[in-house]
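# Residue-level structure breakdown
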Amino acid sequence: RARTLTTILQACQCPVEFALLCVDVESHDLAVLRSLDWHRYHPQVVLVEIPELALASLPGSEIFKHLAAQAYTMVAYDGYNGYFMRSDLTRQRLRA
């Protein structure tokens with residue numbers, strides 16, 4: 001039986017703010033991201049597979065759009081994985 005990411009984090013008594021969320025679930029990454037209650041949990045960085053063919057096509061990806069809607073900014077892409085940082089943290093880094 002499938003469980004949401006929120007349910008799993010609650011069962012593990014995960015703190016609401018944590019450093020890294022790494023999602024790698026072979027073509028179900030978007031479903032996992034959508035199952036997180038983003039109002040409750042606030043990972044600082046999200047690492048997720050985005051197997052796009054070209055960097056220019058990334059902004060059109062559903063994962064990219066979903067994380068942008070949750071106030072995350074892509075800070076790196078290694079050709080297969082997107083690294084997203086909470087936008088409030090990227091602003092802090094730019095001011096420092």
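## Topic: the pairing of strand 3 (residues 72-77)
As paired elements, strand 3 and strand 4 (residues 81-86) share five bridges and run antiparallel to each other. Within strand 4, the residue paired with Ala76 across the bridge is Tyr83. Joining the antiparallel neighbours strand 3 and strand 4 is a turn of three residues, in which Gly79 adopts a positive phi near 100 degrees.

## So, the nonpolar core
With 18 residues, the main nonpolar core has Leu21, Leu33, Trp38, Val46, Val48 and Leu67 as its most contacted residues. Contributing elements (two or more residues each) for this core: helix 1 (5-11), strand 1 (17-23), helix 2 (29-34), strand 2 (42-49) and helix 3 (62-69). Per-element tally for this core: the top contributor is strand 1, with three residues. Leu67 has contacts with Leu33, Trp38, Val46, Val48, Tyr72 and Phe84, leaving out every residue within four places of it along the chain.

## Side note on unusual backbone geometry
Residues other than glycine seldom take positive phi values, yet Gln13 does so here, at roughly 55 degrees. Residue placement: Gln13 occurs in the loop between helix 1 and strand 1. Positive phi is not limited to glycine here, since Ser27 has a value of about 75 degrees. Within the secondary structure, Ser27 sits in the loop between strand 1 and helix 2.

## Quick word on the pairing of strand 2
Sheet topology note: the strand 1/strand 2 ladder contains six bridges and is parallel. When the sheet's bridge partners are listed, Phe18 is paired in strand 2 with Pro43. This β-α-β element, strand 1 to helix 2 to strand 2, shows right-handed connectivity. Where strand 2 meets strand 4, five bridges bridge the pair, whose relative direction is antiparallel.

## Some details on the pattern of salt bridges
In the structure shown here, the tally under the stated rule is four salt bridges. One salt bridge in this structure joins Glu17 and Arg86, with 3.5 Å as the shortest N-O distance. Taken together, the residues span a long stretch of sequence, with Glu17 in strand 1 and Arg86 in strand 4 at a distance of 69 residues. Relative accessible area serves as the criterion here: at 41%, Glu17 is assigned to the partly exposed category. Here Glu62 makes a salt bridge to Lys65, at a shortest N to O gap of 3.1 Å. Pair noted here: Glu62 and Lys65 are both in helix 3, with a separation of three residues, about one helical turn. Residue Glu62 is classed as partly exposed on the basis of its relative accessible area, which comes to 41%. Take Lys65: its relative accessible area is 42%, and that puts it in the partly exposed class. Connected via shared salt-bridge partners are Glu17, Arg86 and Asp88.

Thresholds applied
Residues numbered from 1 in each chain as written. Predicted model: local features only at pLDDT ≥ 70, side-chain atom pairs only at ≥ 80, totals over all residues. Heavy atoms only, no water. Pairing = 2+ DSSP bridges. Helix = DSSP H or I, 4+ residues; strand = E, 2+ residues; numbered from the N terminus. Core = buried A, V, L, I, M, F, W, Y, C linked by side-chain atoms within 4.5 Å. Buried < 20%, exposed > 50% of the residue type's maximum accessible area, 1.4 Å probe, protein only. Contact = heavy atoms within 4.5 Å. Right-handed = clockwise from strand over helix to strand, strands pointing away. Salt bridge = Lys/Arg side-chain N within 4 Å of Asp/Glu carboxyl O.

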